[in-house]
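These are the residues of each chain, in order.
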Amino acid sequence: MITFEQVSFGYPDAVRPVLDRASFEVAEGDLCLVIGPTGSGKSTLLGAINGLVPHFTGGTLAGRVLVDGRDTAHFRPRDLAEVVGYVGQDPMRGFVTDTVTEEVAYGMEQLGIDPVAMRKRVEETLDLLGIAELRNRALIELSGGQQQRVAIAAVLAARPEVLVLDEPTSALDPTAAADVLAAITTLVHEVGLTVVLAEHRLERVMHAADSMLWLPGDGQVVAGDPAEVLARANITPPLAALARTLGWERVPLSVREARRRALGEGLLPSPPPLAPREVGDPALVATGIEVRYGELVAVNKVDLRLHRGSVTTLLGRNGSGKSSLLWALQGALSRAGEVSVDGLDPRTLSPAQARRVVTLVPQTAADLLYLPTVGAECDLADRDSVVPPGTTAALLAQLGVLVEPERDPRDLSEGQQLSLVLAIQLSAAPPVLLLDEPTRGLDYQAKAELAAIISSLAADGMAVLVSTHDVEFAATIGERTLLMADGELIADADTASLLTSSIAYAPQMAKVFAPAAVLTPADVARWLA
Amino acid sequence: MAVERTNTLRSLHPLAWWGWAIGIGIAVSGTTNPLLLALVALAMVVVVLARRSAAPWARSVRAYLVLAAFVIASRMFFQILIGAQAGEIVLFALPELPLPAWAAGIRLGGPVTAEALTATAYDGLRLAVMLLCIGAANSLASPRQALRSVPAALYEASVAVVVALNVAPQLIESGQRVRRARRLRGDANRGLRALGPIALSVLADAIDRSMSLAAGMEARGFARTSGPPAKGSLAVMLASAMAATLGGFLLLSTDLGLTAGALLVLGLIGTGWGLRRAGRRLAVTRYRPLAWTGRDTLVLSSGLAAAALVLIGAQDALSPGLAALLQPEVFFPSTDPLVWPQLSLSALLVVAAVLAPLPLTRPVRSRVPDAARTDVRLRSLRPQAEVARP
Amino acid sequence: MSTRQAGLATLQEARLSLVLAAALAIGAVAFSWPLFLTPASGVSAATAPLVFALVLPLVLAVVLTELSAGRLDAKTLAMLGVLAAVGTVLRPLSAGTAGFELVFFLIILAGRAYGAAFGFALGAITLFTSALITSGVGPWLPYQMLAAGFVGLFAGLLPKASGRAELALLAGYGVVSAFVYGWLMDFSFWPFALGDGTQLSFDPAAGPLANLHRFVLFNLATSMGWNLGRALTNALLIALLGAPLLRLLRRSGRRAQLLAPAIAAPASPE
């Protein structure tokens, strides 16, 4: 269905090509997973499938890309609309209209499809993705998972044979991601679409993949069977790490496969019973926190202590009040209740003082960046935090980001932006750090680095609270986990016991080795002896 | 080709509402009878209150009422201050203040007569009610549906407007997020000094957004069916537009009313034809195009009937029978000498035309999809996590 | 680019210039109607602007049609829509506060960065969209759209300059255009706004010069503050934000341009 023949692509002023003589084929009806670290060219490869690269992006493409027998050199992306459906990273940014049905119809209007046929197709497409009940809703009101499904419906209405998705679940919570992925697998299995999908969190989707394209980052593309490609790739979802730990040649693609093999081989890690946690002094004491938006109670009478030198994870559904709680603790949001950090309430302090007491890195960290260069951001942070010049830049280097000070922060990768914001916020040397959903858009490498940074900050005596959806990440960072639902804290326990006793929040290792309380491949290696 | 049309989401075609309101507006422009004007205004407000949707634009009628009141008040103010006073009944006299010669010999103040003040009030009321007609159309017609029935030649421009309407609330959100985020960096600047960085940030975000939007549009076939512009359509359109302008010019500057009118109408028709022709280079279709139903025709005609009634009624050279029926003097009650304004059958017919949409339409109860969309006040209170993914 | 393509492009440019020139001429007539209205015509001053309110939408339609015919690709259109959204958000923010209008400086800067045609389209579409959102559709709207379009158009036709000189030029243009915009709008609706019973009222019988004299006096007395406020806002915003905004717009303009997508022959395998 899709053939790349010796495809090279580079931007005019770039040093090295993004793709370097890539050749591979994607068979009809496959669910093909594209993996690779950030910046390895996944988006470029996906864009090349429908000709957005190079027709839209500019740059030079050498070689041939054939989709359903058509050479993209001779077809503009718009001419391929009923061959390739392309869904970009953030669906909301790609919407042209503002209600569900109009958005679904938009592509067909462009193709000049007869209104009678169009009406029918809109209905069918809505049903296919299970969004018929959303038909008249405004797009901006929908949840992320719903928006993503509308975006898929909007390209499917033109009846393409190939669906290309660029990280469709990176911004979703696990339930919404599962909805979207279920919809995608239905399209592959029931409708016979060929799907090419780029994804960071492989654990969610690799079990459904028929083939895999791995971009190591040097312009090469390695194609093949998922289990074999994963065994070689520098991308390590938990099951691949497990296979590596246990010396398995073939990477199990699902928990079921791994569990069968582990049981078959009689592998059962036996972690010692949990020792009681050592608790440091409380760095932050919050009592009776309540946040309301009009009628809606987002946070309902939450009591919370964060201890020095500890990492606490906050889990919970979207809309359960996690973000509101963090913003309220920082004092940037009006709330009822008491917060005390060394006797100071950040809400009563000026913003400049408050961030030296409690600092927050918000979900879209890039919102904090608005100066034209990285250097200017660092200098401003030095002045804001009243620290010697160069402190923030040094912190940034410590966080492992070495970029030229002239770079525009907007051109950095998400991981680099996060590190820059983290460096800016840490320059104030606050005793309490709050991170809201920091793993959004990060690859495994960046997540591992972030986990290491968080641990070292805690080791230096800081109290860290991380809100996240990513249970695999949660499993690697904190010893204590809080669970939030409906604005209330419903659980506060050791990470190991809380995660392993939950169905929804159990990491893959816990599922593979249940009932043993192991969370990560490292745990498995440690307790298997 | 069977064209499937819809009338489920609406009360009337937006153009029917506009046509009706413009018709009433023309009728209003042809009378200074305060009784009639007040009745028309009342009827207009009743129709708006009974037939508007829950959408944000439907709340505009109050703003137009305020504007109407302002128009009357300001006209009265200037009449009292610098009015040329005619009539004999002097209500009061302000101290006179002649201005120097460069000011065109104007004098401020002086005696204020009841006749002049009444004439100004009538005239101001007429303008106020015309404004109210526009306000009513703004409240009743859905701009979004109107956008779906623009001529094909303007398709691209209408897409730009749709994009703007769609992106605007997202930008407000983006601005609020950035503003909140600035507190996290310890920046407490407010007002103009904070505006710069926020504006830059939001604009940079907007421009990034336009790139992803363009990629999405391109990948979904935007402008695929567009061919080269139809030959000759531009020449026709330009010539017609010039002709229409010339017609308008002659209409105002000479007494060649008929020639000028014909030129104007011909020019308008020619431009319309040229636009239609130019639209053929695009083969886009419309999802659920708006239907023009009998009810639309009826409502539109009631507006036009009101206009015709007043325009014919106000003619001087009416046959005696028609004059007796229409009573043209009712439309322009004398202010010098002052007389009490009267109502006639024809005036009541005008009011009936204003009320005509009431029996012809039903109240809009269906949930308007974009009602909450534009209501950003509620959203503005929430931190972005809950906003983006409720 | 072949000579044939180059020829086509020049032809398109010529067509567009023709249309814009026609719009300018028609606009000049429409805005200056109080200068030539005579009592003999039998048209009252209150209905006169409505005559051109019929003509102007068609003129705008012709210009926008010609602008979009094959010229507006997805990128330009998306940029147009998004910048119009910015203007639409800014306009209600500033409405009502004596002349503190935030929308024009954006139109001026975008016209400068992306050219006269884009400036015209942005001016017209921004005013239209914000009228839709604020329910400001009325006979004045075509006049506003055309006038704002011209603000953007001439911003794109300003002479070359860079650095501080460019900012000074744009700020100066911001002041001038604010006054011209205000005067044009006030002039065409002045007889409408004041009525006909006062000494400063429009009088069709008085002749153009006398009317102009009256208008200047009336406008100085009532709208000077507004126009001045608008002019100062433009100059201030351009001085403060002009440089970074122009940089931003130009940078993305470069990105948005099709950097001559080249598709080479398949590389021979080694």
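As the structure is a prediction and not an experimental result, all values here were calculated from the model. Each chain has its residues counted from 1, following the order in which its sequence is written. A letter from A marks each chain and a number from 1 marks each ligand, given out in the order of writing. At least 70 in pLDDT is required for a residue's local features to be given in this predicted model, at least 80 for side-chain atom pairs to be given and counted, and no such filter applies to totals for whole chains, interfaces and linings, which use all residues. Hydrogens are left out, water is left out, and the side-chain values use all remaining heavy atoms of the structure.

### Here's the deal with the packing of aromatic side chains
Okay, so step 1: A pair of Phe, Tyr and Trp rings is counted when the ring centres sit within 6.5 Å of each other, with Trp represented by its six-membered ring. The angle between the planes then sorts it: under 30 degrees is stacked, over 60 is edge-to-face, the rest tilted. The final tally for this structure, using the stated rule, is 18 aromatic pairs over all chains.
Okay, so step 2: A centroid spacing of 5.3 Å and a plane angle of 75 degrees characterise the contact between Phe77(B) and Phe78(B), whose relative ring orientation is edge-to-face.
Okay, so step 3: Note on Phe249(B) and Phe36(C): the rings are 4.3 Å apart at their centroids and 55 degrees apart in plane angle, and the pair reads as tilted. Taken together, the residues span two chains, with Phe249(B) in helix α8 (residues 233–253) and Phe36(C) in helix α2 (residues 33–36).
Okay, so step 4: Whether a charge lies above a ring is judged from NZ of Lys or CZ of Arg, which has to be within 6 Å of the ring centre and within 35 degrees of the ring normal. For Arg180(B), the ring lying beneath its charged end belongs to Trp327(A), and the centroid distance is 5.8 Å. Secondary structure follows DSSP: runs of H or I at least 4 residues long count as helices, runs of E at least 2 residues long count as strands, and numbering of each begins at the N terminus.

### Considering the interface of chain A and chain B
Okay, so step 1: Listed by partner, the interface residues are 84 residues for chain A and 66 residues for chain B.
Okay, so step 2: Throughout, the accessible surface (probe 1.4 Å) given up by two parts as they are put together, summed over both, is called the buried area. Summing both partners gives a buried area of about 6800 Å² for chain A against chain B, and 53% of it is carried by carbon and sulfur.
Okay, so step 3: For salt bridges, the criterion is a side-chain nitrogen of Lys or Arg within 4 Å of an Asp or Glu carboxyl oxygen. Counting across the chain A and chain B interface gives 7 salt bridges.
Okay, so step 4: For Asp367(A), the salt bridge is made with Arg177(B), and the minimal N-O distance between the two is 2.7 Å.
Okay, so step 5: Counted as a polar contact is a pair of N or O atoms within 3.5 Å, where, for protein atoms, one must be capable of donating a hydrogen and the other of accepting one, and residues adjacent in sequence contribute only when both atoms are in side chains. Here chain A is connected to chain B by 17 residue pairs in polar contact (both at pLDDT 80 or more).
Okay, so step 6: The element contributing the most residues to the side of chain A that touches chain B is helix α4 (residues 100–111) of chain A, with 10 residues.
Okay, so step 7: For this classification, the nonpolar set comprises Ala, Val, Leu, Ile, Met, Phe, Trp, Tyr, Cys and Pro, the charged set comprises Asp, Glu, Lys and Arg, and every other residue, Gly included, is treated as polar. Of the residues assigned to the side of chain A that touches chain B, the class counts are 43 nonpolar, 22 polar and 19 charged. Contacts are assigned to residue pairs that have any heavy atoms within 4.5 Å of one another.

### Brief notes about the domain arrangement of chain A
Residues and elements named next belong to chain A.
Okay, so step 1: For each domain, the first and last residues come from an automatic or database assignment. Taken domain by domain, chain A holds domain 1 (2–235) and domain 2 (285–493).
Okay, so step 2: Centre-to-centre, using C-alpha coordinates, domain 1 lies 33 Å away from domain 2.
Okay, so step 3: Residue-level contacts link 12 residues of domain 1 with 13 residues of domain 2.
Okay, so step 4: Summed over both sides, the interface of domain 1 with domain 2 buries roughly 1100 Å², with 48% coming from carbon and sulfur.
Okay, so step 5: Looking only at domain 1, the three residues that lose the most surface to domain 2 are Asp173, His200 and Arg201, adding up to 43% of its buried area.
Okay, so step 6: Run the count over domain 1 and domain 2 and you get 1 salt bridge.
Okay, so step 7: A salt bridge links arginine 201 to aspartate 470; the nearest nitrogen and oxygen atoms lie 3.5 Å apart.
Okay, so step 8: Counting every contact that joins domain 1 to domain 2 gives 4 residue pairs in polar contact (both at pLDDT 80 or more).
Okay, so step 9: The residue inventory of the side of domain 1 that touches domain 2, partitioned by class, reads 6 nonpolar, 3 polar and 3 charged.

### As for the side chain of Asp367(A)
Okay, so step 1: For Asp367(A), the location among the structural elements is in the loop between β15 (358–361) and α13 (374–385).
Okay, so step 2: Relative accessibility thresholds used throughout: buried, under 20% of the residue-type maximum; exposed, over 50%; partly exposed, between the two (1.4 Å probe, protein chains only). Looking at Asp367(A), the relative accessible area reads 8%, which means it is buried.
Okay, so step 3: Only 2.7 Å separates the side chain of Asp367(A) from the side chain of Arg177(B), close enough to count as a polar contact.
Okay, so step 4: When residues no more than four places from it in sequence are discounted, the contact partners of Asp367(A) are Arg177(B), Val178(B) and Ala181(B).

### Structural notes on the sheet that holds strand β13 (residues 311–316) of chain A
Residue and element names in this part refer to chain A.
Okay, so step 1: Reading across the sheet, the 6 strands line up as β15-β16-β17-β13-β18-β19 and stay open at both edges, with mixed pairing between neighbours. Every other strand in the sheet has two partners, leaving β15 and β19 (488–494) as the edge strands with one partner each. Going across the sheet, the axis of each strand differs from the next one's by a mean of 20 degrees, ignoring polarity.
Okay, so step 2: Two elements, strand β18 (residues 480–485) and β19, share 6 bridges in a ladder whose sense is antiparallel. What sits directly across from leucine 482, in β19, is aspartate 492.
Okay, so step 3: Against the sheet, helix α15 (residues 414–426) makes contact with β15 and β16 (432–436), and its axis sits at roughly 170 degrees relative to β15, the strand it touches most. A pair of strands counts as paired when DSSP detects no fewer than two bridges linking them. Axes here refer to lines fitted to C-alpha atoms; in helices the fit is confined to the stretch in contact. Angles between the N-to-C directions go from 0 to 180 degrees.

### So, unusual backbone geometry
All names here are of chain A.
Okay, so step 1: Omega for the peptide link from valine 53 to proline 54 comes to 5 degrees, which places this bond in the cis form.
Okay, so step 2: Secondary-structure assignment places proline 54 in helix α2 (residues 52–55).
Okay, so step 3: Cis geometry is found at the peptide bond from alanine 514 to proline 515, where omega equals 5 degrees.
Okay, so step 4: Mapped onto the secondary structure, proline 515 falls in the loop between α19 (508–512) and α20 (521–527).
Okay, so step 5: The backbone of aspartate 342 shows a phi angle near 50 degrees, a positive value even though the residue is not glycine.
Okay, so step 6: Here aspartate 342 is to be found in the loop between β14 (336–340) and α12 (351–354).
Okay, so step 7: By relative accessible area, which is 56% here, aspartate 342 ends up exposed.
Okay, so step 8: The phi dihedral of aspartate 486 falls on the positive side, at around 55 degrees, and the residue is not glycine.
Okay, so step 9: Take aspartate 486: its relative accessible area is 67%, and that puts it in the exposed class.

### Brief notes about the sheet that holds β14(A)
Residue and element names in this part refer to chain A.
Okay, so step 1: What the 3 strands build is an open sheet, ordered β12-β11-β14; its pairing is antiparallel. Across the chains shown, the open sheet's two edge strands, defined by having one partner strand only, are β12 (296–307) and β14. Sheet twist, expressed as the mean angle between neighbouring strand axes with direction ignored, is 10 degrees.
Okay, so step 2: Relative to β12, strand β11 (residues 282–293) runs antiparallel, the two sharing 8 bridges. When the sheet's bridge partners are listed, alanine 286 is paired in β12 with leucine 304.

### Side note on the nonpolar core
Side chains of a nonpolar character, in soluble globular proteins, are inclined to be buried together.
Okay, so step 1: By size, the foremost hydrophobic cluster in this structure holds 221 residues, and its most contacted members are Leu45(A), Trp20(B) and Tyr143(C).
Okay, so step 2: It is helix α3 (residues 48–68) of chain C that contributes the most residues to this core, 14 residues altogether.
Okay, so step 3: Filtering out sequence-adjacent residues up to four positions away, Trp20(B) remains in contact with Met44(B), Val47(B), Leu140(B), Val299(B), Leu300(B), Ser302(B), Gly303(B), Ala353(B), Val354(B) and Pro357(B).
Okay, so step 4: Counting residues in each nonpolar core, the second largest holds 75 residues, with Ala105(A), Leu129(A), Ile140(A) and Leu193(A) among its members. Grouping buried Ala, Val, Leu, Ile, Met, Phe, Trp, Tyr and Cys residues that are joined through side-chain atoms within 4.5 Å yields what is termed a nonpolar core.

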